[in-house]
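Results of the structural survey
Spelled out from the first residue to the last, the chains are:
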Amino acid sequence: GRLIIAEIMTTLGFLTAALGYGSTQGHWMAIFGVIIISFAGGLGESTLLAYSVFFSSKNVLSTWSSGTGAAGIVGAFLYSLLRKVNVGVKDTLLIMTIWPMVMATTFWVLVKHPYIKKSNIRFSTLEEATREQIEEEIPTVEDVHTTIGKLKILKRIFLEYMTPYSLAFFFEYLICPTFYEMLYYPDNAYVSCKTDFSWFMSIFLLGVFIARSSVNCIVVNNLWLLALLQIINALVIFFEILYGYLYYILVCAACIFWVGLVAGASYVNTYRRISRELPPLQREFSMSMTTVSDAIMTTLAGLVAIPLHFYLCGTHNPYVERKRLRKLRLS
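Predicted, not measured: the structure shown is a model, and the values here were computed from it. (Residues numbered from 1 in each chain as written. Predicted model: local features only at pLDDT ≥ 70, side-chain atom pairs only at ≥ 80, totals over all residues. Heavy atoms only, no water.)

So, the overall build of the protein chain
- When its secondary structure is counted, the protein chain shows 12 helices and 0 strands.
- Walking the protein chain from its N terminus toward its C terminus, one meets helices and strands in the order α-α-α-α-α-α-α-α-α-α-α-α.
- Looking at the protein chain residue by residue over its 331 residues, the buried ones come to 43%.
- Counting only contacts in the protein chain whose residues sit at least 6 apart along the sequence, the fraction spanning at least 24 positions is 77%.
- Total accessible area computed for the protein chain in this model is approximately 18,400 Å², and 68% of it derives from carbon and sulfur atoms. (Helix = DSSP H or I, 4+ residues; strand = E, 2+ residues; numbered from the N terminus. Buried < 20%, exposed > 50% of the residue type's maximum accessible area, 1.4 Å probe, protein only. Contact = heavy atoms within 4.5 Å. Areas by Shrake-Rupley, 256 points an atom, 1.4 Å probe, with all protein chains shown as cover.)

Take a look at the structure:
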């Protein structure tokens, strides 16, 4: 049911954004469309991640993570391609409405769904699961999760999984919308100022994709370390905007690629640990709550980004300022 709602809302979101684009007062309509799409994306992700615990294959989570990483690159590439061939923004958004139908067809037609048996688990405890339940039955949590039980699970996962993951997401999304478009290197010979932001985002998404696809090769268990690294990344780029000490756009691009790697590693390793370390009866709820926590922190990052963006807009680009001072000294 939740997935159907997510598919419908995604379609409505694209339609709303498309119809609002270009009209006199349509910017609010376009923003509302983006909000609808974001809500649908969060609902769909939390639903599918929780559902993933019922699959017996160990590669479900790794392929899911790799797919979400690829989605960013494919989406950005498809949009850029359509714009490159002079398809208007409104028409591009209307074309995008085909994707909810593709996703629905994939889920309900192509995916081989696991058999979920609800019987004989009524008296199971949240902390225990018999070998028979693990190997022969994949129980749903609705039969066993009480409010007190859910609070116990939240208490367990809050510091170990949710907090470091949420912090990593907060600083990731603080970096993306706020910092990337403020990075400007006037002397670079690779891309123009107008395309810097799109290239930085593409490099970031490439890092995310690689990290989310590498969980079967590289495992990082220390989630707090990943959160700390993302905080350091945010500080490095923030002070680069203010003081300009990286000097070269390729060095900055490498830093942005690293931000993507850390972001992707935090995502896939958090859910990998939940799926491996928690008892079966706790996994679905834990997956959903962790997804909700990253949605909350992403929203908070967006709110913090607004005043921070205005502050950075009021500063002078250090490289432009140095160039201006050099010209003054030479004149």
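Picking up after the structure, the text goes on.
Concerning the packing of helix α9 (residues 223–243) against helix α10 (residues 249–277)
- Running from N to C, α9 and α10 cross one another at 160°; their axes reach a closest spacing of 10 Å. Taken together, the axes of α9 and α10 lie roughly antiparallel to each other. In this structure, α9 meets α10 at a crossing whose hand is left-handed. Counted together, Leu223, Leu226, Leu229, Gln230, Asn233 and Ile237 of α9 and Trp258, Val259, Val262, Ala263, Ala265, Ser266, Asn269, Thr270 and Arg273 of α10 form the full contact between these two elements.
- Partitioning the contact of α9 with α10 into residue classes produces 9 nonpolar, 5 polar and 1 charged. (Axes fitted to C-alpha atoms, helices over the stretch in contact; angles between N-to-C directions. Parallel < 35°, antiparallel > 145°, perpendicular 65-115°, else oblique. Left-handed = near helix turned anticlockwise from the far one by under 90°. Nonpolar A, V, L, I, M, F, W, Y, C, P; charged D, E, K, R; others polar.)

A word on the nonpolar core
- Ranked by internal contacts, the top residues of the largest apolar core, which has 31 residues, are Phe179, Tyr180, Leu183 and Phe204.
- Listing elements by their share of this core, those giving two or more residues are α7 (147–179), α8 (193–212), α9, α10 and α11 (280–313).
- One finds Phe54, Met162, Val262 and Ala265 within the second-largest nonpolar core, a separate group that totals 24 residues. (Core = buried A, V, L, I, M, F, W, Y, C linked by side-chain atoms within 4.5 Å.)

Section: the UniProt feature "transmembrane region" (unreviewed entry) in the protein chain
- Following the UniProt record, one finds the feature "transmembrane region" (unreviewed entry) at residues 30–54, 61–81, 93–111, 165–185, 197–215, 222–239 and 245–268.
- Along residues 93–111, the helical share is 84% and the strand share 0%, with 27 Å between the first and last C-alpha atoms.
- The distance separating the terminal C-alpha atoms of residues 245–268 is 32 Å; by composition the span is 83% helix and 0% strand. (UniProt positions renumbered as here; feature names shortened; annotations may be inferred.)

Topic: the packing of helix α1 (residues 2–20) against helix α2 (residues 27–51)
- For the pair α1 and α2, the least separation of the axes is 7 Å and the interaxial angle reads 160°. Considering the angle they form, α1 stands roughly antiparallel to α2. Like other packed secondary-structure pairs, α1 and α2 cross with a definite hand, here left-handed.
- Considering only residue class, the contact of α1 with α2 consists of 16 nonpolar, 8 polar and 1 charged.

Brief notes about the environment of Leu300
- Within the secondary structure layout, Leu300 lies in helix α11.
- Note on Leu300: relative accessible area 38%, which makes it partly exposed.
- Separated by 127 residues in sequence, Leu300 and Tyr173 have C-alpha atoms that sit 9.3 Å apart.

Looking at the packing of aromatic side chains
- By the definition in use, this model includes 11 aromatic pairs.
- Pairing Tyr165 with Tyr271 gives two aromatic rings, centres 5.4 Å apart and planes at 75°, and the pair type is edge-to-face. With a gap of 106 residues between them, Tyr165 in helix α7 and Tyr271 in helix α10 connect regions that are remote in the sequence.
- Seen from their ring centres, Phe239 and Tyr243 are 6.0 Å apart, and the 15° between their planes marks the pair as stacked. Here Tyr243 and Phe239 lie together in helix α9, a separation of 4 residues that amounts to about one turn. (Phe/Tyr/Trp six-rings, centres within 6.5 Å; stacked < 30°, edge-to-face > 60°.)

Comments concerning the pattern of salt bridges
- Summed over the entire model, instances satisfying the criterion amount to 2 salt bridges.
- With a shortest N-O distance of 3.0 Å, Glu160 and Arg273 are connected by a salt bridge. Separated by 113 residues along the polypeptide, Glu160 in helix α7 and Arg273 in helix α10 bring together distant segments of the chain.
- Two residues, Glu277 and Arg273, come together in a salt bridge whose shortest N-O distance is 2.8 Å. You can see Glu277 and its partner Arg273 sitting in helix α10, 4 residues apart, about one turn around the helix.
- By sharing partners, the salt bridges in this structure join Glu160, Arg273 and Glu277 into a single network. (Salt bridge = Lys/Arg side-chain N within 4 Å of Asp/Glu carboxyl O.)

Focus on the environment of Val102
- Relative to the assigned elements, Val102 resides in helix α5 (residues 98–110).
- Separated by 95 residues in sequence, Val102 and Glu7 place their C-alpha atoms 9.9 Å apart.

Topic: a nonpolar patch on the surface
- Taken together, the side chains of Ile4, Ile8, Leu12, Leu15, Leu19, Met29, Leu94, Trp108, Val109 and Leu110 present a nonpolar region at the surface, about 930 Å² in accessible area.
- Elements that contribute at least two residues to the nonpolar patch include exactly α1 and α5.
- Considering every element that reaches the nonpolar patch, the biggest residue donor is α1, with 5 residues. (Patch = residues over 30% accessible without salt bridge, like charges linked within 9 Å, V, L, I, M, F, W, Y side chains within 5 Å.)

A word on the confidence of the model for the protein chain
- On average, the protein chain scores 80 in pLDDT, and the residues at 70 or more come to 86%.
- Per-element confidence in the protein chain is highest for α9, whose mean pLDDT is 92, and lowest for helix α6 (residues 131–135), whose mean pLDDT is 42.
- Overall, residues 119–143 carries pLDDT values under 50, and its contacts beyond four positions in sequence, including any with other chains, amount to 46 contacts. (pLDDT = per-residue confidence, 0-100.)

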